[in-house]
Amino acid sequence: MNLGLFIRSRLKIILAGLTIVTTLLIISVASAFFSLKDKMNQTLEQKQFLRPTEFFAEGPIFVPRRLINADTLSKRFEDLLYRARQADQVLLSGDYFRGDRAACEIRAGGVLPEEIAGCFVFVRKDVPTDAINQETAWVFFDANGMILRVAKGSPQNETAQINLEPVRFAQYLGSEPLMQEQVPLGEIPSACLNAVMAIEDQKFLEHGGFSLTGILRAVVRNVMEGRKAQGGSTITQQLVKNYFLTSEKSFKRKLQEIVMSVMLETRFTKDEILQTYLNEIYLGQNGAFRVHGYGSASRYYFGKPASELNLSECALMAAIINNPGAYNPWRKAENAQKRRALVLSKMVELGMIDEPEAESSRQLPLPPKPGQALAVETAPYFIDAVRKQMRANNWPLEGARIYTSLDLDAQQAAQEAVQGHLSRLESSNKYIQSQKAKGRVLEGMLLSGDPGTGLIRVAVGGRSFRMTQFNRAVDSRRQVGSLMKPFVFLTALGETRKDGTRFTPITLLNDEKFSLKYDAQTWNPANYEGKYFGEVPMFFALKNSLNAATAQVGLEVGLDKVITTAQQAGVESPLKPLPSLTLGAFEIAPKEVLGAAMTFASLGQRPRLSFIRRVDYGDGDTLYEHDPAPAPALDPVNTSVLVGMMKQTVISGSARAAPLLGFTHPAAGKTGTTNDNRDTWFMGFTPHVATVVWAGYDDNTVTKLTGASGSVPIWTEFMKKVATRFPADDFPWPEGTVKVTLDRSDLEALHALREKDPDTVELIFAEGTQP
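Residues numbered from 1 in each chain as written. Predicted model: local features only at pLDDT ≥ 70, side-chain atom pairs only at ≥ 80, totals over all residues. Heavy atoms only, no water.

(A) Geometry of the overall build of the chain. In terms of helices and strands, the chain carries 28 helices and 31 strands. Split into buried and exposed, the 771 residues of the chain put 52% on the buried side. Of the contacts formed within the chain by residues at least 6 apart in sequence, a portion of 69% connects residues at least 24 apart. For the chain, the accessible area works out to roughly 35400 Å², and carbon and sulfur atoms hold 52% of it. (Helix = DSSP H or I, 4+ residues; strand = E, 2+ residues; numbered from the N terminus. Buried < 20%, exposed > 50% of the residue type's maximum accessible area, 1.4 Å probe, protein only. Contact = heavy atoms within 4.5 Å. Areas by Shrake-Rupley, 256 points an atom, 1.4 Å probe, with all protein chains shown as cover.)

Pasting the structure below:
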């Protein structure tokens, strides 16, 4: 065979093979390219259309006669990033002024009434410039901190209520807890942009998505030091990795990252890439919530918006990017300072700042650690309750801006009260200690809200959301024990006895041991510790929670009528007309107990309960807005008579520990303890705040506690911090009622005076029934 022909033949075969291989390679690369492009487009679309769910808490509310602490309120304005101004300075959106009487007169431009001791004046952040004059808010208070009047505008127009804007306290993207606030690139200081580029990607403005020299430099250094001492990723690559890919460490993933970085650079401008990077980058962990982006991180670390960051703060933010855990300024202060110094040195090398500026910033202290984060331990229970209300009404969560009724300070106070008392019991009560040694955890629950509106301000579903996500505030159903007694007595107050007389607070009841046979069973209601008092007045039986007397009243007036009363007050659980109904031997939900407490506190007006004030979507379309108007449910006169008796429970009855522990505002309530002391309750309220507390074991283990020892201390600790924001008002007794004071001789004649009881008792009677 001719050698030349042979060679040409072989060359043709080789060239054909190379052509096939090249074609396959091109096809493979093209396929991979388009695959990555599709992946990028799909991710962009998914993230574009997956809108976050935002949760807002109530901002401070100012209404006449509410008590404020001026120093605390000033701090609240500072926490909300308001700017303090002097009396002669013009107020803009986001400004506030606090002054004494003289300074307030200067700002008001006239003489104020003598009772005014000071004022706050502010303009909400969401007020547009052209509406500042009309929306300027005025809050005037007296020497005791009581708000005397609130007004808006210049000149002032009095109004019933003024609110600060709601506070966003949680955000979720899908199911991921996330704190993220989008900030335009133009609002981020140039010092921050330079700091990021100096430490993360010095050639960001020059390369096309990746830096070959940067990758080679990182490889050489890592090999020389025998560890990963330097990364080679550009800002664009970091964005691709965090936004489109996973954290997998492989050559294939790195190659995808480089290709997609080039694709991203061809599709978006440098400003768009940098803005997205600064809004997406992970910068720390606030409890359960991941902190992403400069907007949220600047508030988390420095308590200010990103636009107000100085050079030192910008350098620290850039330092944190590399490893938020290793450079956390509160847990790794030395590391954070060194990394901040490195960022500043890099900026000097690149001519972005001079050495004196860098040195001045190096000397500045790291930011102080903020107070205890709310969202970590308390808000999750409330958020869970909100989510369940949303789902129950088939309202979509995605994209919703949910303006909840959560009171941040009250929620924190409630969690501390629950955790504090249960921890004290575990350290001082030998029986509780023995149960803890067996692995049983004593749990608690607290719900609280506004009786006038039905808005629930607090929901603590357990001691620790981290330990158990079971939300006892909304998901549990427990026997209520003696909490049922107010329904029994309220039913009686609307009935006429066989002898033609009406039940009143001093109607004598028979508190003696008895047995009842029904359905081939025998029922023997027994008093606590087996003590019986013979003939006693109704108020005495209620305040001391006497089972025998209550059971006989319930049987006399009719169990079906007792059920009707409970349902009218807010109980929705199915109830059966069994004798044990009178002593609460059935299960209901805590929210129903709170509803009844609110109805009692409103003297018969039943509010609609809600964890949500308003739900918005899109550009402000409102799906739901809470209607605060209550509906008439119970007779106001009879309910007032009942509440008057329930006040004695707190003054000298089973909840007398409340005033002894320091809560002295007028309040009414009822303790509850179930058989074998498995559940302990307290339902208590003032005219302004209704609160329900439960403590016990999830598995129904005996606690050997009562409502007085298990739940009243929690209620008291909470109410001392929250209910005292309001004046010490008594209940607004309606027409048709008469207030009567019984003296010592009256009480002795009624057999209603026990050791350490007060010598006088104030009760409410229906007009015409008073003694």
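There's more to say after this.
(B) Focus on the sheet that holds strand 12 (residues 282-286). Strand order in the open sheet made by the eight strands is 12-13-11-10-1-14-24-25, with mixed pairing throughout. Only two strands of the sheet have a single neighbouring strand rather than two, namely strand 12 and strand 25 (621-625). Going from strand to strand, the sheet's axes swing by 25° on average, the running direction of each strand aside. Both strand 14 (residues 401-404) and strand 24 (residues 612-617) contribute to a ladder of four bridges, which runs antiparallel. Residue Ile-402 lies in a different strand from strand 24, and its bridge partner there is Val-615. (Pairing = 2+ DSSP bridges. Axes fitted to C-alpha atoms, helices over the stretch in contact; angles between N-to-C directions.)

(C) Up close: the pattern of salt bridges. Under the counting rule described, the total for this entry stands at 43 salt bridges. Across the pair Asp-95 and Arg-83 runs a salt bridge whose closest N-O atoms are separated by 2.8 Å. Of the two residues, Asp-95 sits in strand 4 (residues 95-100) while Arg-83 sits in strand 3 (residues 83-85), which places them twelve residues apart along the sequence. For Arg-463, the salt bridge goes to Glu-426, with nearest N and O atoms at 2.8 Å. (Salt bridge = Lys/Arg side-chain N within 4 Å of Asp/Glu carboxyl O.)

(D) A look at the packing of helix 5 (residues 190-200) against helix 9 (residues 270-280). Where helix 5 meets helix 9, the axes come as close as 12 Å, and the angle between the chain directions of the two elements is 90°. For the element pair helix 5 / helix 9, the angle class is roughly perpendicular. Residues Leu-193, Val-196 and Glu-200 of helix 5 form the contact with helix 9, whose participating residues are Leu-274, Tyr-277 and Leu-278. Looking at the contact of helix 5 with helix 9, its residues break down into five nonpolar, no polar and one charged. (Parallel < 35°, antiparallel > 145°, perpendicular 65-115°, else oblique. Nonpolar A, V, L, I, M, F, W, Y, C, P; charged D, E, K, R; others polar.)

(E) How the structure looks around the sheet that holds strand 27 (residues 668-673). The antiparallel open sheet is built from five strands, whose spatial order is 16-15-29-28-27. Lying at the two open borders of the sheet, with one neighbouring strand each, are strand 16 (456-460) and strand 27. Between one strand and the next, the sheet's axes are offset by a mean angle of 5°, whatever the strand orientation. Across four bridges, strand 15 (residues 443-449) lies against strand 16 in antiparallel orientation. In the strand pairing of strand 16, Gly-449 is matched with Ile-456.

(F) Just empty space enclosed by the protein, in detail. The tally for this structure, following the rule as stated, stands at two cavities of 30 Å³ or more. Here the largest cavity defines a volume of roughly 50 Å³. For the lining of the largest cavity, the element with the highest residue contribution is helix 23 (residues 590-601), accounting for three residues. Here the residues of the lining of the largest cavity are counted per class, giving ten nonpolar, no polar and one charged. (1 Å grid on protein atoms, 1.4 Å probe; cavity = no way out; pocket = protein on both sides within 12 Å on 5 of 7 lines; lining within 4 Å. Points joined across faces, edges and corners; volume = space filled by probe spheres on them.)

(G) Quick peek at the confidence of the model for the chain. Summary statistics for the chain give a mean pLDDT of 88 and a share of 87% for residues scoring 70 or more. Predicted confidence for residues 24-33 stays below pLDDT 50, and this span has two contacts to residues more than four positions away or in other chains. Within the model, the stretch residues 372-377 combines pLDDT values under 50 with 19 contacts to residues more than four positions away or in other chains. (pLDDT = per-residue confidence, 0-100.)

(H) Region of the structure containing the environment of Glu-592. Within the secondary structure, Glu-592 is located in helix 23. Residue Glu-592 is classed as buried on the basis of its relative accessible area, which comes to 8%. In contact with Glu-592, not counting residues within four places along its chain, are Arg-477, Gly-570, Val-571, Glu-572 and Ser-573. Among the polar contacts made by the side chain of Glu-592, one reaches the main-chain amide nitrogen of Glu-572 at a distance of 2.7 Å. (Polar contact = N/O pair within 3.5 Å; in protein donor to acceptor, adjacent residues only side chain to side chain.)

(I) Expanded view of the state of the cysteines. Throughout the structure, instances matching the rule amount to two disulfides. The residue that forms a disulfide with Cys-104 is Cys-119, at a sulfur-sulfur distance of 2.1 Å. An S-S torsion of about -110° defines the bridge between Cys-104 and Cys-119 as left-handed. Of this pair, Cys-104 sits in helix 3 (residues 101-108) while Cys-119 is found in strand 5 (residues 118-122), placing the two residues 15 residues apart along the sequence. Assigned by exposure class, Cys-104 and Cys-119 land together as buried. (Disulfide = S-S within 2.5 Å.)

(J) Structural detail: the packing of aromatic side chains. Taken as a whole and assessed by the stated rule, the structure comprises 26 aromatic pairs. Here Phe-685 and Phe-731 contribute two aromatic rings whose centre-to-centre distance is 5.9 Å and whose plane-to-plane angle is 80°, an arrangement assigned as edge-to-face. In this pair, Phe-685 is assigned in strand 28 (residues 679-685) and Phe-731 in the loop between helix 27 (712-722) and strand 30 (737-742), connecting sequence segments 46 residues apart. For the residue pair Phe-685 and Phe-731, the accessibility class agrees, reading buried in each case. Members of the aromatic cluster, joined through ring pairs, are Phe-62, Phe-77, Tyr-82, Tyr-96, Phe-120, Phe-122 and Phe-141. A cation over a ring is seen here: Lys-270 above Phe-204, with NZ or CZ 4.5 Å from the ring centre. The cationic tip of Arg-387 hangs over the ring face of Tyr-172; the distance from NZ or CZ to the ring centre is 4.4 Å. (Phe/Tyr/Trp six-rings, centres within 6.5 Å; stacked < 30°, edge-to-face > 60°. Lys NZ or Arg CZ within 6 Å of the ring centre and 35° of its normal.)

(K) Local environment of the pairing of strand 7 (residues 147-152). The pairing of strand 6 (residues 137-141) with strand 7 spans five bridges and is antiparallel. Of the residues in strand 7, the one forming a bridge with Phe-141 is Ile-147. The turn joining strand 6 and strand 7, which pair antiparallel and follow one another in sequence, is formed by five residues; a positive phi near 85° is taken by Gly-145. As paired strands, strand 7 and strand 8 (residues 157-159) are joined by three bridges and run antiparallel to one another. Directly across from Lys-152, in strand 8, lies its bridge partner Asn-157.

(L) Just the nonpolar core, in detail. The biggest cluster of nonpolar side chains holds 111 residues, and the ones touching the most others in it are Met-390, Phe-539, Phe-600 and Phe-685. If one sorts the elements of this core by residue count, helix 23 sits on top with seven residues. With sequence-adjacent residues up to four places away left out, Phe-539 is seen in contact with Pro-505, Ile-506, Met-645, Gln-648, Leu-742, Leu-747, Ala-752, Val-761 and Leu-763. Ile-188, Phe-204, Met-317 and Ala-336 belong to the second-largest nonpolar core, a separate cluster that totals 43 residues. (Core = buried A, V, L, I, M, F, W, Y, C linked by side-chain atoms within 4.5 Å.)

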